[in-house]
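Fold and geometry: a report
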Amino acid sequence: MRVYKINMKLSKMIGIYIGSFIILGICILASLAWGSRYIGFDEVISALTQSDNMSLNALVVRERIPRTVFALIAGASLGISGLLMQSITRNPIADPSILGVNTGASLFVVVGITFFNLSTASGYIWFALIGAAITSFCVYGIASIGPGGITPIKLALAGASISAILSSLVSLIILPRADVMDAYRFWQVGSLSGATWEGIKSVLPFIIVGLIISVIFMHALNALALGDEVATGLGVNTGLVRIMCAIAGVILCGATTAIAGPIGFIGLMIPHIVRLILGSDMKNLIPMSAIGGAILLMISDVLGRIIGSPSELEVGIITAFLGAPILIIIARKAKVKSI
């Protein structure tokens, strides 16, 4: 009987992974097909498989490949980043956008554009990472002040407060400078339209580092979910785990934000959806959060192109529209001991 249950569970997992990869493949084709010019799936496949196909449609498809590849990378990074933040804080509404990490990265990118004349993806990345790291430290420090230590509601309030302050600083810097505002206003919404191979190459090493750290500590995160005392009894250094996973989350979020802008709610929605389907084992949560994040971001990007046709709605608007109701539902159901 026990072997039968194990086989059933394994079959279910295999089915979920196969189904997820099929959906991901469809999303990739849709991302290459839809835009200001719609191209049929058969022509998309022809453009990808026939290098000598130099038709207009084939050229359009190849121009969309960097955007699609970056959507895969960015969605996976944001999904895992949200999962890590929720795991180390035990906060069901932890997310780079809610905790102010995105806003911190945005502020430092604005500072780089304004005072250091940054204009390249590689330059944005370092400033975004520094801003995300400093913001994370400030939010965590503020939330730990007072009786009871860190609680989910204190983290959310600290993140909202810091985010509001940083947003005001962003406005203070860019409003008197029309040139900076023009460079920043599309980026701040969150968009994949500016993705290039150069930007992908710049961000990829940071994403790989973040992914490696998350995989190395996934077993420790499983122990941490049982409580600090149990995890310590199992030989887990809880402080080290939290620090390293926080670094990984900041790297994944900051590097993505540097290229795409502050795209919110991916890291909030995906971990919850994956937990409902697969349970709480990090061995499944990490890869499926990556796949789910990529799927959701590409769906949002395609929806933005369809709704805004012949132009497009920025993907950050679509994810906010989808994520706001989810946040309300989670906030209503979350059990918060103190307020």
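Refer to the structure printed above.
Not measured: the values here are computed from a predicted model.

Turning next to the overall build of the protein chain. The helix and strand tally for the protein chain stands at 14 helices and zero strands. Reading the protein chain from its N end, one meets helices and strands in the order α-α-α-α-α-α-α-α-α-α-α-α-α-α. For the protein chain, the C-alpha radius of gyration of 21 Å lies close to 20 Å, the compact-globule estimate for 339 residues. Each principal axis of the C-alpha atoms in the protein chain carries an extent, and together these give about 65 × 65 × 35 Å.

The next subject is helix α8 (residues 197-216). In this model α8 runs 28 Å from its N-terminal to its C-terminal C-alpha over 20 residues, within 8% of the 28 Å that 1.5 Å per residue would give. Those residues of α8 not exposed but buried are G199, I200, S202, V203, F206, I207, G210, I213 and S214. Against the buried residues of α8 lie α3 (56-89), α5 (121-143), α9 (218-224), α11 (238-260) and α13 (282-307).

Bringing the environment of L24 into the picture now. Within the secondary structure, L24 is located in helix α1 (residues 2-33). Judged by its relative accessible area of 13%, L24 falls in the buried class. Separated by 53 residues in the primary sequence, L24 and S77 place their C-alpha atoms 15 Å from one another. The residues touching L24, leaving out its near neighbours within four places in the chain, are L72, I291, A294, I295 and M298.

Turning next to α11. End to end, α11 covers 32 Å across 23 residues, agreeing with the expected 33 Å (1.5 Å per residue, within 8%). By the criterion of burial, α11 is predominantly enclosed, with 17 of the 23 residues buried. In the stretch just after α11, G261 is the one whose phi turns positive, near 90°.

Where α3 contacts helix α12 (residues 266-278), the axes come no closer than 7 Å and their chain directions differ by 75°. Taken together, the axis directions place α3 and α12 in an arrangement best described as roughly perpendicular. Of the residues in α12, those touching α3 at G75, L78, G79, G82, L83, Q86 and S87 are I266, G267, L268, P271, H272 and R275.

Attention now moves to the layout of surface pockets. Reported here for the largest pocket is a volume of approximately 620 Å³. Lining the largest pocket are 22 residues; nearest its centre among them are Q86, N91, P92, H272 and R275. Element by element, the count of residues in the lining of the largest pocket is highest for α12, at five residues. Considered as a void within the structure, the second largest pocket measures approximately 510 Å³ in volume. Residue assignment for the lining of the second largest pocket shows that the elements contributing at least two residues are α3, α5 and α11.

This next bit is on the pattern of salt bridges. Enumeration according to the criterion identifies four salt bridges in this entry. Residues R242 and D228 are paired through a salt bridge, measuring 3.2 Å at the closest nitrogen-oxygen approach. Here the residue R242 occupies a position in helix α11, and D228 occupies one in helix α10 (residues 228-233), the gap between them amounting to 14 residues. Residue classification places R242 among the buried residues on the basis of a relative accessible area of 17%. Given the relative accessible area of 29%, D228 is considered partly exposed. For the salt bridge of D301 with R305, the shortest nitrogen-to-oxygen distance reads 2.7 Å.

What counts as what
- Every residue gets a number counted from 1 within its own chain, in the order that chain's sequence is written.
- The predicted nature of this model means local features are confined to residues of pLDDT at least 70 and side-chain atom pairs, given and counted, to a pLDDT of 80 or more, with totals for whole chains, interfaces and linings taken over all residues.
- Here the side-chain values reflect all heavy atoms present in the structure, with hydrogen atoms and water set aside.
- Only DSSP runs of H or I reaching four residues or more are called helices, and only runs of E reaching two or more are called strands; each is numbered from the N terminus.
- Just to be clear, the radius of gyration here is over C-alpha atoms, and the globule rule we use is 2.2 Å times residues to the power 0.38.
- To estimate the expected span of a helix, count its residues, drop one, and scale the result by 1.5 Å.
- Only protein chains enter the accessibility calculation, which uses a 1.4 Å probe; a residue is then buried when its area is under 20% of its type maximum, exposed when over 50%, and partly exposed in between.
- Note on contacts: a residue pair qualifies if any of its non-hydrogen atoms lie within 4.5 Å across the two residues.
- The axes used here are C-alpha line fits, helices contributing only the stretch in contact, and every angle between their N-to-C directions lies in the interval 0 to 180 degrees.
- Every angle not falling under 35 degrees, over 145, or within 65 to 115 is termed oblique; those three ranges are roughly parallel, roughly antiparallel and roughly perpendicular.
- Lining residues are defined by having an atom within 4 Å of a point belonging to a cavity or pocket. Those points lie on a 1 Å grid over the protein atoms alone, cavities being sets where a 1.4 Å probe fits but cannot get out and pockets being open sets with protein on both sides within 12 Å along at least five of seven lines.
- Grid points are joined across faces, edges and corners, and a volume is the space filled by probe spheres set on the points.
- One speaks of a salt bridge when a side-chain nitrogen belonging to Lys or Arg is within 4 Å of a carboxyl oxygen belonging to Asp or Glu.

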